[in-house]
Each structure stands twice: as C-alpha cells, then as structure tokens.
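# Structural overview
These are the residues of each chain, in order.
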Amino acid sequence: MRVLVLEGRPGVADGAVEELGRAGHEVARCHEPDAPSFPCNAMLDGHGCPLDDGRVEVALVVRDGAGASAEAAEDGVRCALRRQVPLVVAGEPGGSALADWATVVTDAADALPDAVRQAAAAPLRRQSDAARRSLRSVLEHHGVDGSAADAEVVRSTTDLKVVLRPGVELDKGLADMASVRAVGAVRDVDPYARTINVSIEQPTVASTT
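To keep things clear, this report deals only with the structure shown in the data block. (Residues numbered from 1 in each chain as written. Predicted model: local features only at pLDDT ≥ 70, side-chain atom pairs only at ≥ 80, totals over all residues. Heavy atoms only, no water.)

### A word on the pairing of strand E1 (residues 2-7)
Stated precisely, the cut-off is as follows: Residue burial is assigned from relative accessible area. The probe radius is 1.4 Å, only protein chains are included, and a residue is buried under 20% of its type maximum, exposed over 50%, and partly exposed in between. A run of DSSP states H or I qualifies as a helix once it reaches four residues; a run of E qualifies as a strand once it reaches two. Both are numbered from the N-terminal end. In this description, strands pair whenever DSSP reports at least two bridges between them. Here is how to tell: hold the view so the strands point away, follow the path from the first strand over the helix to the second, and if it runs clockwise the crossover is right-handed.
Among the 6 residues of E1, 6 are classified as buried, and the element is accordingly described as predominantly covered. Covered by surrounding structure in E1 are Arg-2, Leu-4 and Leu-6 together with Val-3, Val-5 and Glu-7, the residues of both alternating faces. As paired strands, E1 and strand E2 (residues 26-29) are joined by 4 bridges and run parallel to one another. In the sheet register, Val-5 faces E2, and the bridge partner there is Arg-29. On the question of chirality, the crossover connecting E1 to the parallel E2 by way of helix H1 (residues 14-22) is right-handed. Of the strand pairs in this sheet, E1 and strand E3 (residues 56-64) are connected by 6 bridges, and their pairing is parallel. In the strand pairing of E3, Val-3 is matched with Val-58.

As structure tokens, then:
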C-alpha cells in the first residue's frame, strides 16, 4: 500500500516511516526530509505531486502536540482530503481540527500499520452517504419503501466499490437504474476515482419445503 506521510515538525514521522517500511508499505512525501514547508514537491522540477498518479491509498499525519503552528508542514493533508483519500492522524493532535476529518485517530505509535490498513478498508463516509441517498430516492420515486435501504462505498487504490442494499428485491430494470444513479451520485462527490463499480445485495429469500 502506498501511504502519504506528513509531519507537523521535521523528524516527527521518522519512526512511522521506518515502521511502515518494515510492514511492506511504500511511503510517499510532499516534502523531502529537512526541506522547508514551501514549496512542496509538486512545484519542484524532477519531483511531482505524489497524489497525481492515484496510487496513494491513505494519508498519515504524525503530530507531536504542536498545535496550529505545525500545520504549514501538513499542507498535503488538504490535497489528500480533497481527493477523498482516507486520513490517519497519529500522535498528539494538539488541538488540530484534523482529527475531525480523520478516518482513524491513534496515539499508539507501534500500531500504525494496522491503523493504515483499517483506514484503507473503512467505508468512505461522504461517498456512502451519497449512494444511500441516491438509492432511497430511486426506490421512493418508484413507490418502493426505501427507508431501510443502505449503501457502502470503499476504495480499492484508484477505484471505488459501491454496495447497494435496498432491503427489498428489485427487478432488473430498477436495479440497473439504482446502479446508474448511484454511480452519478458518488462521482459528484469523488471525481478523482478512476472507476466506480456497483453491486447490489438482494435480500435472501428463505426457501420453503
């Protein structure tokens, strides 16, 4: 897994980088070690933004309680969140608002590989909400009770996987319409996804003998 690592102060993330490397993860950076917080790699010849190729699956910010003064070096978090990349905040948030946007928050420095994997596998909140609203709207428009309908969206590298759970059995026409509408709703929220794949979990009908 490719992880974008950011740090509030130079050197704070050194241990995290080593730990992620031992766990087999590839680390990407917005700034080279000991480089100033401006400009970022995207603005430097021969570097480029690590988010541009779509391979970053999780962003990790390591903080030491420094508060807002450290946020200039964490500028890549804004770019990652804008691209809907799940965020892990590790260490001491120090009053930062980043924790409110994080998928996982942890103060356990020795558990970062697990935290990264958890964030990568977690349902994406905004995309899931959009797919759920779309599904319920389609069902209600066609006279089907959609109050119990649910949806979940997870990321797989640059792709999104949408699972629709209508709670009732749908015929092919309605299922196809729900899938198409879900793709559009999720695409509005996440325009950076390369592909959006939809599956529908139809309710299991108990057999009678």
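### Re helix H6 (residues 172-189)
An α-helical segment advances 3.6 residues per turn. Residues three or four places apart therefore align on the same side. Formally: A helix is expected to span 1.5 Å multiplied by its residue count minus one. Note that the arc is defined by the directions from the helix axis to the C-beta atoms. Whenever two N or O atoms come within 3.5 Å, that pair is a polar contact, provided that in protein one can donate a hydrogen and the other can accept it, and provided that, for residues adjacent in sequence, both atoms are side-chain atoms.
If you check H6, its first and last C-alpha atoms are 26 Å apart, about what 18 residues at 1.5 Å a residue would give, namely 26 Å. Considered for burial, the residues of H6 that qualify are Leu-174, Ala-175, Ala-178, Ser-179, Ala-182, Ala-185, Val-186 and Val-189. The arc enclosing the buried residues of H6, seen along the axis, measures out at 135 degrees, which places them on a common side. Along H6, exposed side chains directed more than 90 degrees from the buried face belong to Lys-172, Val-180 and Asp-188. The N-cap residue of H6 is Asp-171: its side-chain oxygen and the backbone nitrogen of Gly-173 are 3.2 Å apart.

### Looking at the sheet that holds strand E6 (residues 150-156)
Our working rule: Lines are fitted to the C-alpha atoms to define the axes, a helix being fitted only along its stretch in contact, and any angle between axes, read from their N-to-C directions, falls within 0 to 180 degrees.
Taken together, the 3 strands give an open sheet; going across it, the order is E6-E7-E8, and neighbouring strands pair in mixed fashion. Lying at the two open borders of the sheet, with one neighbouring strand each, are E6 and strand E8 (195-200). Strand-to-strand twist of the sheet, defined as the mean angle between neighbouring strand axes without regard to direction, takes the value 20 degrees. Where E6 lies against strand E7 (residues 159-165), 7 bridges are found, and the strand directions are antiparallel. Note that in E7 the partner of Arg-155 across the bridge is Leu-160.

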